[in-house]
Amino acid sequence: MKIVRVQDIIGSEREVSGPGWTSRRMLLKKDGMGFSFHETIIPAGAELNLWYKHHLEAVYCVAGNGSIYDKATGETHEISDGTLYALDKNDPHTLRGGTEDMRLICAFNPPVTGREVHDEDGAYLPDTGDN
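Keep in mind the model is a prediction, meaning the values are calculated, not measured. Each chain has its residues counted from 1, running along the sequence as written. Only residues with pLDDT of at least 70 get local features here, since the model is predicted, and only at 80 or more are side-chain atom pairs given and counted; chain-wide, interface and lining totals rely on the full set of residues. Hydrogens are left out, water is left out, and the side-chain values use all remaining heavy atoms of the structure.

Student: Lay out the environment of Leu104 with the relevant residues and their values.
Tutor: Runs of H or I in DSSP of at least four residues are treated as helices and runs of E of at least two as strands, each being numbered from the N terminus. Along the chain, the position of Leu104 falls in strand S10 (residues 102–109). We call two residues in contact when some of their heavy atoms are within 4.5 Å. Leu104 has contacts with His38, Glu39, Thr40, Ile42, Val59, Tyr60, Cys61, Tyr85 and Leu95, leaving out every residue within four places of it along the chain.

This is the structure:
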C-alpha cells in the first residue's frame, strides 16, 4: 500500500513546474500502478497549448475555474469544480485558467516518469524505457 500526501511532494523532485502550470506527481511509472496521478495547478489567466501525442489523460477539476478549447472541433468547454474532461483521442487543446487558480487531478496513461516538461507541441515525449 502506498500513502502519498501532497504536502510531502511540494518542494521535492516530484513537484515540476513550467510556464503556466505546476504539477505535483503523486504516482509515477516507477510506482508500478500502470498510470501516473498528479495534482496540477493552473494559475488564473494562464494559457497553455497542449497536445499529449503519446499519452491519454483524464482530468478532474476540484477547485477554481477555466476552460478548454478543442482544436479539432473549435468548441470551448467551461471547467469548474466537479468537471472532468478526458483526452481520449490525444486531442490537441488549449487550456485556459479563469478568474481563479484551477486545481486539477490528472491521470496519465502510459504513466509519466516524473521530470517531463512540455515540448514545442505541448506534448510529453514518450518513455524510452531509460527511466
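After that view of the structure, there is still more to cover.
Student: I'd like to hear about the sheet that holds strand S8 (residues 84–87), residue by residue, with values.
Tutor: At least two bridges found by DSSP between two strands is the condition for calling them paired. Spatial strand order, S1-S2-S3-S10-S5-S8: 6 strands in an open sheet with antiparallel pairing. At either end of the open sheet lies a strand with only one pairing partner, and these are strand S1 (15–18) and S8. The mean inter-strand angle of the sheet, taken between neighbouring strand axes irrespective of direction, is 20 degrees. Where S1 meets strand S2 (residues 21–27), 4 bridges bridge the pair, whose relative direction is antiparallel. Bridge pairing links Ser17 to Thr22 in S2. Note on geometry: axes are lines fitted to C-alpha atoms, helical ones only across the stretch in contact, with angles between N-to-C directions running from 0 to 180 degrees.

Student: Can you tell me about the pattern of salt bridges, naming the residues and giving the values?
Tutor: In the sections that follow, a salt bridge refers to a side-chain nitrogen of Lys or Arg positioned within 4 Å of a carboxyl oxygen of Asp or Glu. Following the criterion strictly, the structure yields 6 salt bridges and no others. Among the salt bridges present, the one from Asp31 reaches Arg14, with a minimum N-O distance of 3.2 Å. In this pair, Asp31 is assigned in the loop between S2 and strand S3 (36–42) and Arg14 in the loop between helix H1 (6–9) and S1, connecting sequence segments 17 residues apart. Considered together, Asp31 and Arg14 belong to a single accessibility category, that of buried residues. A salt bridge links Glu39 to Arg24, with the shortest nitrogen-to-oxygen separation between them at 2.9 Å. Here Glu39 is found in strand S3, whereas its partner Arg24 is found in strand S2, with 15 residues between them in sequence. By the burial criterion, Glu39 is buried, and Arg24 matches it. Through salt bridges with shared partners, one network takes in Glu15, Arg24, Glu39 and Arg103. Buried, partly exposed and exposed residues are distinguished by accessible area as a fraction of the type maximum, computed with a 1.4 Å probe on protein chains only: under 20%, between the cut-offs, and over 50%, respectively.

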